[in-house]
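Summary of structural features
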Amino acid sequence: MAVSKACKKCKHIIEKGTVCPVCQNTDLTTNWKGFAIIIDPENSEIAKKLEITVAGKYALRLSK
Ligand SMILES: [Zn+2]
């Protein structure tokens, strides 16, 4: 599995590029574990829990 980067700020997983498309953050990490795919943030319990408002793939945990 290729190593994707996750945004340290909103946990969005970035498949390519070096800028988070959700929050424009450039502070990314490859040290993340598990992910959730949010299709409908407004009706997703996971999205609410993770405070996600934009559909996409998100890391569940970031390592330091
Ligand atoms: Zn972000």
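Residues numbered from 1 in each chain as written. Predicted model: local features only at pLDDT ≥ 70, side-chain atom pairs only at ≥ 80, totals over all residues. Heavy atoms only, no water.

Turning our attention to the pattern of salt bridges. Under the criterion given, the structure shown has 3 salt bridges. Of the charged contacts in the structure, one is a salt bridge between K8 and D27, with a shortest N-O distance of 3.6 Å. Of this pair, K8 sits in the loop between strand 1 (5–7) and strand 2 (13–14) while D27 sits in the loop between strand 2 and strand 3 (28–29), and the two are 19 residues apart along the sequence. According to the relative accessible area criterion, D27 is partly exposed, its value standing at 39%. Note that E15 and K57 form a salt bridge whose closest N and O atoms lie 3.3 Å from each other. (Salt bridge = Lys/Arg side-chain N within 4 Å of Asp/Glu carboxyl O. Helix = DSSP H or I, 4+ residues; strand = E, 2+ residues; numbered from the N terminus. Buried < 20%, exposed > 50% of the residue type's maximum accessible area, 1.4 Å probe, protein only.)

Turning next to the sheet that holds strand 3. In space, the 3 strands of this open sheet follow the order 2-1-3, with antiparallel pairing throughout. Only two strands of the sheet have a single partner each, and these edge strands are strand 2 and strand 3. (Pairing = 2+ DSSP bridges.)

What follows concerns unusual backbone geometry. For residues besides glycine, phi is generally negative; the peptide bonds are generally trans as well. The phi torsion at Q24 lies on the positive side, around 65 degrees, for a residue other than glycine. Locating Q24 in the fold gives a position in the loop between strand 2 and strand 3. Of the residues examined, Q24 reaches a relative accessible area of 54% and is grouped as exposed. Despite not being glycine, E51 shows a phi value in the positive range, around 60 degrees. The residue E51 is located in the loop between helix 1 (45–50) and strand 5 (56–62) in this model. By relative accessible area, E51 is classed as exposed at 72%.

On the secondary structure map, E15 appears in the loop between strand 2 and strand 3. At 3.1 Å, the side chain of E15 and the side chain of S4 are in polar contact. Side-chain polar atoms of E15 contact the side chain of K57, separated by 3.3 Å. (Polar contact = N/O pair within 3.5 Å; in protein donor to acceptor, adjacent residues only side chain to side chain.)

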